[in-house]
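Here is how the chains run, residue by residue.
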Amino acid sequence: MKKSISFILAVSILLSLVFAIGVSTAFKGDVNGDNEVNNKDVVTMFRYVSGSDRLDDESMYDHNGDHTVDNKDVVSLFRFVSSGAAPEEITGETEPEETEPEEPEDPNVTPDEYFEFSLLSDKTYEIMAKNTNKLPKDVVIPRKHDGQPVTSIGDAAFYDCKDLKNVTIPNSVTSIGHYAFSSCSDLTSVTIPNSVTSIGSFVFRDCMSLTDVTIPDGVTSIGDNAFDGCSGLTSVTIPGSVTEIGVYAFSGCSGLESIIVANDNKVYHSKN
């Protein structure tokens, strides 16, 4: 008899536990633990969000399932209690993130097949010619490769490209490496954007067909012998941002008549 009573008692306790678990699972909004979901739970939820009350099981408060306990859960629980509808996620109105419109790629950009790209430590790319004897006469360097910006023209990137006449550098590029266009004897025009901050040594050495150069605002340094041997060069304009010009930067520029240096809104001329 005692064994039967013990067995019945054990079963009763087990059923009670199962029922309790079932209730807890079924009524997630029962934040005050009375096995009902009503206005008392809304008040408890509000106090919790306000910081006046705390319960051990915080998951009970996440009524809308967004993994954050805030006023949205109070509103969601209130709507459930008022209408009996299933809990709904309340999303606040957020301002759309402002993103800068991406500049369209130049339709004349030279295809990637002409270049080699090296991934740099900052996840941007350095560029150089794949074959200096198989480049078009007019080269427009791409701004991006594999979705990442091209920021550097490598050392000797276009060295001795005899047929190269015109080069357009995009505003993603910040540095031009040493000897980058050295010995490009037919190069007559190069467009350097304001994004470039440094021009390496011997960059345009022996570019004899180059007639005029404008160093854009943003460049702070020009390397040694940068324009050495540019005998066709007649005019150079340098902005006031340049603080360092390397030795022999314009050595051998026999046709150079003047260098214009813009500084503090003033223009200075000097004979070679």
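Reading the values: rules and limits
- Residues numbered from 1 in each chain as written.
- Predicted model: local features only at pLDDT ≥ 70, side-chain atom pairs only at ≥ 80, totals over all residues.
- Heavy atoms only, no water.
- Phe/Tyr/Trp six-rings, centres within 6.5 Å; stacked < 30°, edge-to-face > 60°.
- Buried < 20%, exposed > 50% of the residue type's maximum accessible area, 1.4 Å probe, protein only.
- Helix = DSSP H or I, 4+ residues; strand = E, 2+ residues; numbered from the N terminus.
- Core = buried A, V, L, I, M, F, W, Y, C linked by side-chain atoms within 4.5 Å.
- Pairing = 2+ DSSP bridges.
- Axes fitted to C-alpha atoms, helices over the stretch in contact; angles between N-to-C directions.
- pLDDT = per-residue confidence, 0-100.
- Contact = heavy atoms within 4.5 Å.

A. The arrangement of the packing of aromatic side chains in detail. The full count for this structure, using the stated rule, is eight aromatic pairs. Note on Phe 117 and Tyr 125: the rings are 6.2 Å apart at their centroids and 85° apart in plane angle, and the pair reads as edge-to-face. Comparing Phe 117 with Tyr 125 shows no difference in burial state: the two are buried. A centroid spacing of 5.6 Å and a plane angle of 5° characterise the contact between Phe 181 and Phe 204, whose relative ring orientation is stacked. Linking Phe 181 in the loop between β7 (175-176) and β8 (189-191) with Phe 204 in the loop between β9 (198-199) and β10 (212-214), this pair joins segments that are 23 residues apart in sequence. Each member of the aromatic cluster is reached from another via a ring pair, and the members are Phe 115, Phe 117, Tyr 125, Phe 158, Phe 181, Phe 204, Phe 227 and Phe 250.

B. Representation of the nonpolar core. With 46 residues, the main nonpolar core has Ile 153, Phe 158, Ile 169, Phe 181, Phe 204, Phe 227 and Phe 250 as its most contacted residues. Sorting the residues of this core by element identifies β1 (115-119), β2 (125-129), β5 (148-153) and β12 (235-238) as the ones contributing at least two each.

C. Quick look at the sheet that holds strand β3 (residues 138-140). Within the open sheet, the three strands sit side by side as β3-β6-β8. Their pairing is parallel. With partners counted over all chains shown, the strands left at the sheet margins are β3 and β8, one partner each. Strand-to-strand twist in this sheet, taken as the mean axis angle between neighbours without regard to direction, amounts to 5°. As paired elements, strand β6 (residues 166-168) and β8 share three bridges and run parallel to each other.

D. Region of interest: the confidence of the model for the protein chain. For the protein chain, the mean per-residue pLDDT works out to 77, and 70% of the residues sit at or above 70. Here residues 86-94 scores under 50 on pLDDT; set against residues more than four positions off or in separate chains, the count is 16 contacts.

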